[in-house]
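# Structural overview for review
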Amino acid sequence: MKYDTIRAVLWEDEHLKLLDQRRLPAEETYIEYDEPLAVAGAIRDMVVRGAPAIGVTAAYGVVLAARRRYAAQPEGWREAIRADFETLAASRPTAVNLFWALERMGRVMDTVSGEPVAPLLAEAQRIHEEDVAANRRMGELGAALIAAEGRGVLTHCNTGSLATGGYGTALGVIRSAFEQQRIAQVYADETRPWLQGARLTAWELVKDGIPVTLLADGAGAALMREGRVSWLIVGSDRIAANGDVANKIGTYHAAIAARYHGVKVMVVAPTSTVDMSLPGGDRIPIESRSADEVLGCGGRPVAAPGAKAWNPAFDVTPAELIDAIVTEKGVVEQPTRAKMADMMKKPVL
Ligand SMILES: CSC[C@H]1O[C@H](OP(=O)(O)O)[C@H](O)[C@@H]1O
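As recorded in an unreviewed UniProt entry, the protein goes by the name Methylthioribose-1-phosphate isomerase, listed as coming from Thiohalomonas denitrificans. What UniProt records for the protein under Sequence similarities (unreviewed entry) is the sentence "Belongs to the EIF-2B alpha/beta/delta subunits family. MtnA subfamily." In its Function (unreviewed entry) section, the UniProt record describing the protein reads: "Catalyzes the interconversion of methylthioribose-1-phosphate (MTR-1-P) into methylthioribulose-1-phosphate (MTRu-1-P). Also catalyzes the interconversion of 5-deoxyribose 1-phosphate and 5-deoxyribulose 1-phosphate. Part of a bifunctional DHAP-shunt salvage pathway for SAM by-products."

Shown next, in the form of structure tokens:
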């Protein structure tokens, strides 16, 4: 299928394989995994990253854990595997998809009798397939919101096939909108400090033949002021019950500039990213990463020796700055708690 050629996460020959996103775009290298501790390390070290991709990976991590635990202790594997769930859950704190996937795998584990690997693998593959289907549905729903007026769109971080089970969330909307000739140009923030935009989004869009122009993260407001973009389209790692959105650091910055310049803000995320247990965004755990990521660039130190750094990996954009939240269950415009609750009750479209 067009634009759906990249897979960050693969289950192949009875192994989990992850495309090492730390090495892109220079190298396309898959790493093979057979045990949950290494899978947790891959999530923590961002071999694989992106909220939905993290959830899919954790689901396969449970399959690997069940295979090892059941082989070692056919009777006591259920007790033993709890440590593996904890290891996977401790890998990164913000993307709620990780915990959503572990809970869904845990529900299957609690009901399975006999050999657990086959039913758990089937559930992990369903999670993977459902994510790709949701992304394609959201692509259509989000593209329909974009008027074909010849302007571009701005995106932040990477929300494509590399961040999901395939096709992408915000980048899925961009793919669908480009295919429908609703947009002619994509502007992508480089997205310091990890450069998901410059390294990953640009790589995906160049492979697709979709025109992409990179910009420094601080250039977004000037781009908007020149009237070059009609939408800021981003993904999310966790959406609170009132529609507040946690996403890559710099999203809040861009959303403020968008509101000031009359650029609309679209957040695209499957409902596995919505956390209705949290009333507002101030309760979303924000991951803090190593200062070295800010003090360096591309793995080389650049800051003056002795300087310190503040490196929250995410920020929270309040619902009032968001024009539309697109999920596979529909579009929530001007999100509020009531509208989010109504959407969550709906069937998948
Ligand atoms: C499909 S949304 C992915 C989401 O995850 C990214 O963060 P990270 O690269 O640190 O995992 C970013 O927040 C994206 O919007």
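## Some points on the site of the ligand
Taken together, 19 residues lie near the ligand, and G50, R92, D237, N247 and K248 sit nearest. In the environment of the ligand, an oxygen atom lies 2.8 Å from a nitrogen or oxygen atom belonging to the backbone of G50. Contact with the protein chains removes 99% of the 400 Å² of surface that the ligand exposes when unbound. When atoms are counted within 2 Å of each cavity's grid points, the one that captures over half of the ligand is the largest cavity. Taken together, the residues of the shell around the ligand sort by class into six nonpolar, nine polar and four charged. Built from parts of two domains, the shell around the ligand gets at least three residues from each of domain 1 (9–133) and domain 2 (139–345).

## Let's talk about the domain arrangement of the protein
Assigned domains within the protein: domain 1 (9–133) and domain 2 (139–345). Using C-alpha coordinates to define each centre, domain 1 is positioned 25 Å away from domain 2. Carbon and sulfur atoms make up 55% of the surface buried where domain 1 meets domain 2, a total of about 2300 Å² over both sides. Summed over the three residues of domain 1 that lose the most area to domain 2, namely R49, T94 and V96, the buried surface amounts to 26% of that side. The interface formed by domain 1 and domain 2 contains one salt bridge. For R92, the salt bridge identified is with E287, shortest N-O distance 2.8 Å. Linking domain 1 to domain 2 there are 16 residue pairs in polar contact (both at pLDDT 80 or more). Among the elements of the structure, helix 2 (51–72), helix 5 (96–111) and helix 6 (117–143) are those that each provide at least two residues to the side of domain 1 that touches domain 2. Among the elements that line the side of domain 1 that touches domain 2, the one with the most residues is helix 5, at four residues.

## So, the UniProt feature "binding site: substrate" (unreviewed entry) in the protein
When the UniProt feature table is mapped onto this chain, "binding site: substrate" (unreviewed entry) is found at R49, G50, A51, R92, Q196, N247 and K248. Those annotated residues from the list above that line the largest cavity are R49, G50, A51, R92, Q196, N247 and K248. One can find Q196 in helix 8 (residues 196–208). A relative accessible area of 2% places Q196 in the buried class. In contact with Q196, other than residues within four places in its own chain, are M46, R49, C157, N158, E190, T191, T201 and K248. By relative accessible area, N247 is classed as buried at 4%.

## Comments concerning the pattern of salt bridges
Using the criterion set out here, one finds 21 salt bridges in the structure. For D13, the salt bridge goes to K17, with nearest N and O atoms at 3.5 Å. Its relative accessible area of 59% is what places D13 among the exposed residues. Ionic contacts of the salt-bridge type, sharing partners, join the residues D20, R22, R23 and E27 into one network.

## Some thoughts on the packing of helix 6 against helix 7 (residues 170–179)
When two helices pack together, their arrangement is captured by the angle between the axes and the distance separating the axes. Contact pair helix 6 / helix 7: the axes reach a minimum separation of 7 Å and the direction vectors enclose 60°. For the element pair helix 6 / helix 7, the angle class is oblique. You can see that helix 6 and helix 7 cross each other, and the crossing is right-handed. Across the interface between the two elements, M138, G139, E140, G142 and A143 of helix 6 pack against G172, V173, S176 and A177 of helix 7. Grouping the amino acids of the contact of helix 6 with helix 7 by side-chain chemistry returns four nonpolar, four polar and one charged.

## What about empty space enclosed by the protein?
Applying the stated criterion across every chain yields a total of two cavities of 30 Å³ or more. Around the largest cavity sit 24 residues that line it, and R49, G50, A51, N158 and D237 are the ones nearest its centre. Ranked by the residues each element gives to the lining of the largest cavity, the list is headed by helix 2, at three residues. A breakdown of the residues in the lining of the largest cavity according to their chemical character gives ten nonpolar, ten polar and four charged. Counting contributing residues, the lining of the largest cavity receives three or more from each of domain 1 (9–133) and domain 2 (139–345).

Calculation rules
Residues numbered from 1 in each chain as written. Predicted model: local features only at pLDDT ≥ 70, side-chain atom pairs only at ≥ 80, totals over all residues. Heavy atoms only, no water. UniProt positions renumbered as here; feature names shortened; annotations may be inferred. Near = heavy atom within 4 Å. Polar contact = N/O pair within 3.5 Å; in protein donor to acceptor, adjacent residues only side chain to side chain. Areas by Shrake-Rupley, 256 points an atom, 1.4 Å probe, with all protein chains shown as cover. 1 Å grid on protein atoms, 1.4 Å probe; cavity = no way out; pocket = protein on both sides within 12 Å on 5 of 7 lines; lining within 4 Å. Sits in = over half its atoms within 2 Å of the grid points. Nonpolar A, V, L, I, M, F, W, Y, C, P; charged D, E, K, R; others polar. Domains from an automatic or database assignment. Buried area = accessible area lost by both parts, 1.4 Å probe. Salt bridge = Lys/Arg side-chain N within 4 Å of Asp/Glu carboxyl O. Helix = DSSP H or I, 4+ residues; strand = E, 2+ residues; numbered from the N terminus. Buried < 20%, exposed > 50% of the residue type's maximum accessible area, 1.4 Å probe, protein only. Contact = heavy atoms within 4.5 Å. Axes fitted to C-alpha atoms, helices over the stretch in contact; angles between N-to-C directions. Parallel < 35°, antiparallel > 145°, perpendicular 65-115°, else oblique. Left-handed = near helix turned anticlockwise from the far one by under 90°. Points joined across faces, edges and corners; volume = space filled by probe spheres on them.

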